[in-house]
Amino acid sequence: GPQKVDRTVDSVCPFCGVGCLVTYHVKDEKIVRVDGRDGPANRGRLCVKGRFGFDYAHHPQRLTVPLVRKPGVPKDWQGAVRPEDWREVFREATWDEALQRAAGGLRALRDAHGPKALAGFGSAKGSNEEAYLFQKLVRTGFGSNNVDHCTRLCHASSVAALLEGVGSGAVSNPVSDVAHAEVILVIGSNPTSNHPVAATWMKNAARRGAKIVLADPRVTDIGRHAWRVLQFRPDTDVAVLNALIHTVIEEGLADEAFIRDRALNYEALRENVRAYSPEAMAPLCGIPADTLREVARAFATAKASMVLWGMGVSQHVHGTDNVRCLIALATVTGQIGRPGTGLHPLRGQNNVQGASDAGLIPMMFPNYQRVDNAEARAWFEQFWGLPLDDAPGYTVVEIMHKALADEADPHKVRGMYIMGENPAMSDPDLNHARQALASLAHLVVQDIFLTETAWLADVVLPASAWPEKTGSVSNTDRMVQLGRRALTPPGDARPDLWIVQQMAKGMGLAWDYEGAEAGVAAVYEEMRQAMAGAIAGISWDRLERESSVTYPCLSVEDPGQPIVFTERFPTPTGRVTLVPADIIPADERPDADYPLVLITGRQLEHWHTGSMTRRSAVLDAIEPHATASLHGDELARLGLAPGDWAAIRSRRGAVQVRVRRDDGTPRGAVFMPFAYVEAAANLLTNAALDPFGKIPEFKYCAVAVRGI
Ligand code: SF4
């Protein structure tokens, strides 16, 4: 039977945005088992990561003391990262010394070069309270809005299009609403791997008769449950979606009343999609015109149709346009504002929704108040008692460029504070990003492992793993959920919330958050005031009682609103603005030297840059090696068999990796997960940005593959 344990602690899974509630079973100060709780997003279910991916917290490579770089040790950004040999690069320090150096170094740069010389990356893996305090520190202590996090790399384009169109960057309906849908369009998403428990709700819906339409260049597991699979050519999202919108309008299936009452700019949209008939788009996207028409009819005429999308949609130079098309499709068909309808960008990380809500983005204060809006800025200046910069800050990839800018550039970034992010693995074009990190005059990294980013730091601050702290996170369904501390951080490692406050003091800020767990409840309550428009009704006490409350939640009686846009959109006019989109090609197309398309992404067992899951015994045992997936025909053409080694090159870098056969990967393409440091997919990727969301084009660049 199950092991007898010392205690159980209720919390939230630290991995994906589904937000499964868990119970940790603790024995001898170690987690020995995790069970699924009856949370609103998971109903007792967990995927393999949630169930078995907990022992990273106990890994011997955990950072347990502050480290400072030894004098004269170069920042070798091209060399291997060897966490076990850390003594060659760093020496141990006391917290006093480390904090003095960490904050002192940043302060000296700010005083010498001005506030724009500094930047901060927070984390979508941290709590809302950590995100809130971190952005407050950058805005009030560093003195600029140069603060961002990995939302820039996942749904920034979705958020740009949603804010522009419907006035809110969050989902309109929870995933579980697929239970009420007749048609479920899953586009650019591999939910079985990336949102596994959410995928179970989709499969259940298909079982009871809902029609899943999978639209994706890669046919993944969810395709087995689909009514139609649109395996369109990579990069042709706008062609496919405009053809669907064209069909709806041309065949008289548009919801005229909904458009009249609730939409703006319909004429321009209608004019624009005229040129995008399915017949004209079929040769481009590779989907027969009849199939496109059939899907458009089904979507428009169903009682309820819902769209869920992932990074396959967002990570393009036309990511914002892709999402504009999705908004238009849902609007012209009137499939918004009821159960089983709406728009759901599936959030990647456990708290990417919450971190963005809390203001961990360069153009907005908490709750999406624009920094260049005088009224919003005045409110926050009064609330925080300090003057604020009115210029939006730089985004993740821009900050890396600014780190390598000329000495003469007044906005050259010279010092950074990075909490829980690993841009040396997650950024595009890693040779550039790693060089940028190494070039900083002062880099402070706060993390639980000596990550590839921490390896380049001047000061490393040992932080706490998720089960070692209490805090709230907000999942893809807009549920604010409470994680409770189950363990004590090892050695001298400290809660992140405490470290951020020490850094703030070091930067000269007089902060005073009292109470248990580094004052987490006090921080939350301050954040609640700044975000009253979303979470006024969710007090810390209520979170402690209920564990999960959905926002918008505007009063203590408000049960929370899982479905929004029922009567109006949160825009000044109450209407959705339709934005026509045209085809923009990928930044880098295949050619004779680099004939294949590289698509990057994730796999079920490994999480993002692998810092946690590759240190998790069960998960690492299932998927221990970096692989690249190709269609069987493509492997044959290259003279490769599954398991063979291949070199994959792009204009920016090269990796060596074993190949695997996956006939769901389109011919002419390669798929690689980005979790493996020994074959880092992002050495190959292109840093070209979507002009609106500033998201890089992770889903398309040109590579060559050769057997070795
Ligand atoms: Fe954790 Fe996501 Fe898996 Fe749920 S589906 S257990 S939140 S990784």
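The numbers attached to residues start from 1 for each chain and follow its sequence in the written order. Local features in a predicted model are, by the rule used here, given only for residues with pLDDT of at least 70; side-chain atom pairs are given and counted only at 80 or more, and totals for whole chains, interfaces and linings are based on all residues. Side-chain numbers come from the whole structure's heavy atoms, not from hydrogens or water.

K.L.:
Would you mind going over the overall build of the protein with me for this structure?
P.N.:
When helices and strands are tallied, the protein shows 25 helices and 30 strands. Across the 708 residues in the protein, those meeting the buried criterion constitute 66%. The distance from the centre of the 75 positive side-chain charges to the centre of the 83 negative ones in the protein is 3 Å. Put simply, DSSP H or I for four residues or longer makes a helix, DSSP E for two residues or longer makes a strand, and each gets a number counted from the N terminus. Here the term buried applies to any residue with accessible area under 20% of the maximum for its type, exposed to any over 50%, and partly exposed to those in between, with areas from a 1.4 Å probe on protein chains only. Positive: Lys, Arg. Negative: Asp, Glu. His and the chain ends are not part of the count. For charged residues, the charge sits on one atom: NZ in Lys, CZ in Arg, CG in Asp, CD in Glu.

K.L.:
Looking at this model, I keep getting lost on the sheet that holds strand β2 (residues 21–27). Mind explaining?
P.N.:
To summarise the sheet geometry, strands pair through backbone hydrogen bonds and adopt either a parallel or an antiparallel arrangement. Should DSSP find at least two bridges between two strands, the strands are taken to pair. Pairing in this open sheet of 3 strands is antiparallel, and the strands run β1-β2-β3 from one edge to the other. Lying at the two open borders of the sheet, with one neighbouring strand each, are β1 (7–12) and β3 (30–36). Within the sheet, the average angular offset between the axes of one strand and its neighbour, ignoring direction, is 30°. Across 6 bridges, β1 lies against β2 in antiparallel orientation. Bridging from a neighbouring strand, S11 pairs with V22 of β2. For helices, the axis comes from a line fit to the C-alpha atoms of the stretch in contact; other axes are also lines fit to C-alpha atoms, and the angle between any two N-to-C directions lies between 0 and 180 degrees.

K.L.:
How should the nonpolar core be read in this particular structure?
P.N.:
Nonpolar side chains tend to gather and get buried jointly when the protein is soluble and globular. As used in this record, nonpolar core signifies buried Ala, Val, Leu, Ile, Met, Phe, Trp, Tyr and Cys residues forming a set joined through side-chain atoms within 4.5 Å. Core analysis: the biggest nonpolar cluster contains 106 residues, and L137, Y417 and M503 have the highest contact counts within it. Ignoring any residue separated from it by four or fewer positions in sequence, one finds L137 in contact with F142, Y417, V500, M503, A504, M507, L509 and W511. We call two residues in contact whenever any of their non-hydrogen atoms come within 4.5 Å of each other.

K.L.:
In this structure, what is going on with the site of the ligand? I would like to understand it.
P.N.:
Near, as used in this document, describes a residue that has one of its heavy atoms within 4 Å of the molecule or strand being considered. Taken together, C13, F15, C16, G19, C20, L46, C47, K49, G50, P196 and V197 make up all the residues around the ligand. Of all the secondary-structure elements, those providing two or more residues to the shell around the ligand are α1 (48–52) and α7 (196–207). Per-class residue counts for the shell around the ligand are 8 nonpolar, 2 polar and 1 charged. Note that Gly is not counted as nonpolar here; it falls among the polar residues with everything else outside the nonpolar set of Ala, Val, Leu, Ile, Met, Phe, Trp, Tyr, Cys and Pro and the charged set of Asp, Glu, Lys and Arg.

K.L.:
Sorry, what's going on with the pairing of β3 here?
P.N.:
For a regular strand, side chains alternate in direction, first toward one face of the sheet and then toward the other. In the sheet, β2 pairs with β3 via 6 bridges, with the strands oriented antiparallel. When the bridges of β3 are listed, Y24 appears paired with V34. Two successive antiparallel strands, β2 and β3, enclose a turn made up of 2 residues, where D28 displays a positive phi of approximately 50°.

K.L.:
Mind showing me how you'd approach the pairing of strand β23 (residues 596–601) here?
P.N.:
Burial of β23 is extensive: 6 of the 6 residues sit out of reach of the surface. For β23 and strand β30 (residues 701–707), the ladder comprises 3 bridges, and the chain directions are antiparallel. Considered in β30, the bridge of V597 is made with A702.

K.L.:
Would you take a moment to explain a nonpolar patch on the surface for this structure?
P.N.:
Patches here: salt-bridge-free residues with over 30% relative accessible area, like charges joined within 9 Å, nonpolar side chains (Val, Leu, Ile, Met, Phe, Trp, Tyr) joined within 5 Å. For the area figures, the Shrake-Rupley method with a 1.4 Å probe applies, and any residue is considered shielded solely by the protein chains shown. Any Lys or Arg side-chain nitrogen found within 4 Å of a carboxyl oxygen on Asp or Glu counts as a salt bridge. Side chains of F52, V618 and I622 sit close together on the surface and give an oily, nonpolar patch of about 240 Å² of accessible area. Tracing the chain through its elements places V618 in helix α24 (residues 617–622).

K.L.:
Which parts of the structure should I look at to understand the sheet that holds strand β13 (residues 342–345)?
P.N.:
A sheet is described by the order of its strands in space; here 5 strands give the open sequence β10-β9-β8-β12-β13, paired in parallel fashion. The open sheet has two free edges, formed respectively by β10 (228–230) and β13, since each of these has just one partner strand. Pairs of neighbouring strands in the sheet enclose a mean axial angle of 15°, with direction left out of account. Direction of pairing for strand β8 (residues 183–187) relative to strand β9 (residues 211–215): parallel, over a ladder of 5 bridges. The partner of V186 across the bridge, within β9, is L214.

K.L.:
Sorry, what's going on with the side chain of R262 here?
P.N.:
Positionally, R262 belongs in helix α9 (residues 256–262). No salt bridge is formed by the buried R262, whose closest oppositely charged neighbour, D261, lies at an N-O distance of 7.5 Å. Definition of a polar contact: a pair of N or O atoms within 3.5 Å, with one able to donate and the other able to accept a hydrogen when the atoms are protein atoms, and with sequence-neighbouring residues admitted only if both atoms are side-chain atoms. Polar contacts involving the side chain of R262 include one to the main-chain carbonyl oxygen of T566, which spans 3.3 Å.

K.L.:
Hey, could you run me through the packing of aromatic side chains in this one?
P.N.:
To describe a pair of aromatic rings, you give the distance between the ring centres and the angle between the ring planes. We call Phe, Tyr and Trp rings a pair once their centres come within 6.5 Å, taking the six-membered ring for Trp, and we label the pair stacked below 30 degrees between planes, edge-to-face above 60, and tilted otherwise. Inspection of every chain in the model, using the stated rule, returns 15 aromatic pairs. The interplanar angle of 70° and the centroid separation of 6.5 Å between the aromatic rings of F90 and W455 together place this pair among those described as edge-to-face. With F90 in strand β5 (residues 90–92) and W455 in the loop between β17 (442–447) and β18 (459–462), this pair connects stretches of sequence that are 365 residues apart. The exposure class of W455 is buried, given its relative accessible area of 5%. Here the aromatic cluster, defined as three or more aromatic residues joined through ring pairs, consists of Y132, F365, W379, F380, F383 and W384. The ring of W511 carries the charged tip of K136 above its face, separated from the ring centre by 5.0 Å. Charge-over-ring contacts are defined here by two conditions on Lys NZ or Arg CZ: a distance within 6 Å of the ring centre and an angle within 35 degrees of the ring normal. In this structure, R324 packs its charged tip against the face of F692, placed 4.2 Å from the ring centre.

K.L.:
How should I be thinking about the environment of D663 in this particular structure?
P.N.:
By the secondary structure assignment, D663 is in the loop between β26 (654–661) and β27 (669–673). For the pair D663 and E634, spaced 29 residues apart in sequence, the C-alpha to C-alpha distance is 9.3 Å. At a separation of 2.8 Å, a polar atom in the side chain of D663 contacts the main-chain amide nitrogen of G632. Only 2.6 Å separates the side chain of D663 from the side chain of R661, close enough to count as a polar contact.

K.L.:
Looking at this structure, how should I read helix α11 (residues 278–285)?
P.N.:
Along an α-helix, a turn takes 3.6 residues, which lines up residues three or four apart on a common side. Restricting attention to buried positions, one finds in α11 the residues P278, M281, A282 and C285. Buried residues of α11 fall within an arc of 120° about the axis and therefore sit on the same side. Elements that come into contact with the buried residues of α11 comprise α8 (237–250) and α12 (289–301). Trailing α11 by a residue or two, G286 shows a phi angle of about 85°, which is positive. The arc under discussion is defined with respect to the helix axis, by the directions toward the C-beta atoms.

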